[in-house]
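What follows is each chain in one-letter form.
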Amino acid sequence: MNKWPYILISAALLWTGFLYAQPDAPEIVIEIQGQPSAPRESVSVWDKNAQQLTKLFRKKDRSYVLYQVDTVSSKDEIISAEDGTQYAYVRYGSDDGDYRKFLFKAQEPQRFVACAANIEDVLAINKKYQVNLGVDRRDFVRRYEKQAALMNLTDQAAGKIYQVYKLNYSDVNHKTPSAHYFVFSEDALIGTYAGEEAYNQFLNELSQSNQSLRNEQKKREQARQAQLQKARQESLERAQRPVRKALVSGGTIEDQMYMPRAVNATPLPALTPSKIPAGTPLPTP
């Protein structure tokens, strides 16, 4: 076995120990230069209202807001306005409870547009920018139940019942109150109609959809009834059809003279004479 590698390693270790044992050996000092990173200043959205948050984040972009806020968003997506304009939407919290909702431009760098901290803020942003930031019916009712009139509408095609709240609505941007209709399905806002004309158009479209469904159902029922009537008529005709006889073989002289004869009929088996003479009474059991 070659011992030279072990000898060399041992010598190197002894030499290293000798160097560290020398009192005059210089101490190795590594200096690191630089400035410590400044602590990140986080922002709590929960202790600020929409006006304060708007002042804080005006002209900022979405990335900046997400980095500064000290909590994680519960929704972050792109939404579209009624005219097709796209926005980046960020929500903290839930629709039915405490929330802070931010609207940004969808195009980079996604500049801040508006912020909502309660249902009044949400509805104002929805109306101004023609978007839907998400409204839970329970949140809406807590604020407007005493002011809004409730109606139910049935969408037969979709198999749903809509809750419609008529409200004499106004906000910071819409000072003059006017009739607005807020339509909810399964506790979520699906449409807002400002004025009677817009709402009546929605009603007409829903009515036409329901009528089309009823017409289709009526046609299907009529077709089913026609099919049943046809089946009943065919069954009745079969029951009333007279029985027609044809002579296969044998028969009386009159049968052979007047009855039609069966064509290609299977011949009947030959008659076997009975062993009991005719007129003999049969024993009863």
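That block above? That's the structure.
For clarity, every value in this text was computed on a predicted model and none was experimentally measured.

Enquirer: Lay out helix α4 (residues 119-129) with the relevant residues and their values.
Expert: If you check which residues of α4 are buried, you get Ile 119, Val 122, Leu 123, Ala 124, Ile 125, Asn 126 and Tyr 129. At the N-terminal boundary of α4, the capping side chain belongs to Asn 118, with an oxygen 3.2 Å from the backbone nitrogen of Glu 120. Gln 130 occupies a position one or two residues after α4 and carries a positive phi of about 55°.

Enquirer: Mind laying out the pairing of strand β2 (residues 86-93), listing which residues take part and the relevant values?
Expert: In terms of burial, β2 is a largely internal element, six of the eight residues being buried. Between strand β1 (residues 75-80) and β2, which follow one another and run antiparallel, lie five residues, and Gly 84 among them has a positive phi close to 95°. As defined by bridge partners, β2 adjoins strand β3 (residues 99-105) across seven bridges and the pair is classed as antiparallel. Bridged to Tyr 92 within β3 is Arg 100.

Enquirer: Give a description of the pairing of strand β7 (residues 178-185) that names residues and reports values.
Expert: Looking along a regular strand, one sees the side chains alternate between the two faces of the sheet. Burial runs high along β7: six of the eight residues are buried. In terms of strand pairing, strand β6 (residues 160-169) meets β7 through seven bridges, oriented antiparallel. The partner of Tyr 169 across the bridge, within β7, is Ser 178. As paired elements, β7 and strand β8 (residues 188-194) share six bridges and run antiparallel to each other. Its bridge partner lying in β8, Ser 185 is registered against Ala 188. The antiparallel hairpin formed by β7 and β8 contains two residues in its connecting segment, where Glu 186 sits at a positive phi of about 55°.

Enquirer: Help me get a handle on the sheet that holds β7, residues and values and all.
Expert: Consider a sheet: its strands pair through backbone hydrogen bonds, and that pairing is either parallel or antiparallel. Spatially, the four strands line up as an open sheet ordered β5-β6-β7-β8, and their pairing is antiparallel. Of all the strands in the sheet, just β5 (149-155) and β8 have a single pairing partner and so form its edges. Strand-to-strand twist of the sheet, defined as the mean angle between neighbouring strand axes without regard to direction, takes the value 25°. Against the sheet, helix α5 (residues 137-144) contacts β6 and β7, and its axis sits at roughly 35° relative to β6.

Enquirer: So what's going on with the packing of α4 against α5? Which residues, and what values?
Expert: For the pair α4 and α5, the least separation of the axes is 10 Å and the interaxial angle reads 110°. Judged on the interaxial angle alone, α5 and α4 are roughly perpendicular. Seen from α4, the contacting residues are Ile 119, Glu 120 and Leu 123; seen from α5, they are Asp 139, Phe 140, Arg 143 and Tyr 144. When its residues are assigned to classes, the contact of α4 with α5 shows four nonpolar, no polar and three charged.

Enquirer: Explain the packing of aromatic side chains to me, using residue names and the numbers behind them.
Expert: Remark: the centre distance and the inter-plane angle together describe each pair of aromatic rings, the angle taken between the planes. A complete count under the given rule lists 16 aromatic pairs for this structure. Relative to Phe 184, the ring of Phe 140 lies with its centre 5.3 Å away and its plane at 55°, an arrangement referred to as tilted. Placement of the pair is Phe 140 in helix α5 and Phe 184 in strand β7, with a sequence separation of 44 residues. Judged by relative accessible area, which is 0%, Phe 140 ranks as buried. Note on Phe 184: relative accessible area 0%, which makes it buried. Ring plane angle 5° and centroid distance 3.8 Å describe the contact between Tyr 181 and Tyr 199, whose orientation is recorded as stacked. Taken as a pair, Tyr 181 in strand β7 and Tyr 199 in helix α6 (residues 196-240) lie far apart in primary sequence, 18 residues in all. There is no split in this pair, since Tyr 181 and Tyr 199 are both buried.

Cut-offs used in this document
Think of each chain on its own: its residues are numbered from 1, step by step along the sequence as written. Totals for whole chains, interfaces and linings use all residues, but because this is a predicted model, local features are given only for residues with pLDDT of at least 70 and pairs of side-chain atoms are given and counted only at 80 or more. Working from all heavy atoms in the structure, the side-chain values ignore hydrogens and water. For every residue, the accessible area obtained with a 1.4 Å probe (protein chains only) is divided by the maximum for its type, and the residue is called buried under 20%, exposed over 50%, and partly exposed between those limits. Secondary structure is summarised from DSSP: a helix means a run of H or I of at least four residues, a strand means a run of E of at least two, and numbering begins at the N terminus for each. Under this definition, polar contacts are N or O atom pairs within 3.5 Å; protein pairs additionally need one hydrogen-donor-capable and one acceptor-capable atom, and for neighbouring residues in sequence, both atoms have to be side-chain atoms. A strand pair is defined by DSSP finding two or more bridges across the two strands. Working convention: axes come from line fits to C-alpha atoms, limited for helices to the stretch in contact. Angles between N-to-C directions cover 0 to 180 degrees. The contact definition used throughout considers only heavy atoms, calling two residues in contact when any of these lie within 4.5 Å. Angles are sorted into four bins: roughly parallel if under 35 degrees, roughly antiparallel if over 145, roughly perpendicular if 65 to 115, and oblique for all others. The residue classification treats Ala, Val, Leu, Ile, Met, Phe, Trp, Tyr, Cys and Pro as nonpolar and Asp, Glu, Lys and Arg as charged. All others, Gly included, are polar. Between the rings of Phe, Tyr and Trp (Trp by its six-membered ring), a pair exists once the centres lie within 6.5 Å; its type follows the angle of the planes, with under 30 degrees stacked, over 60 edge-to-face, and the other angles tilted.

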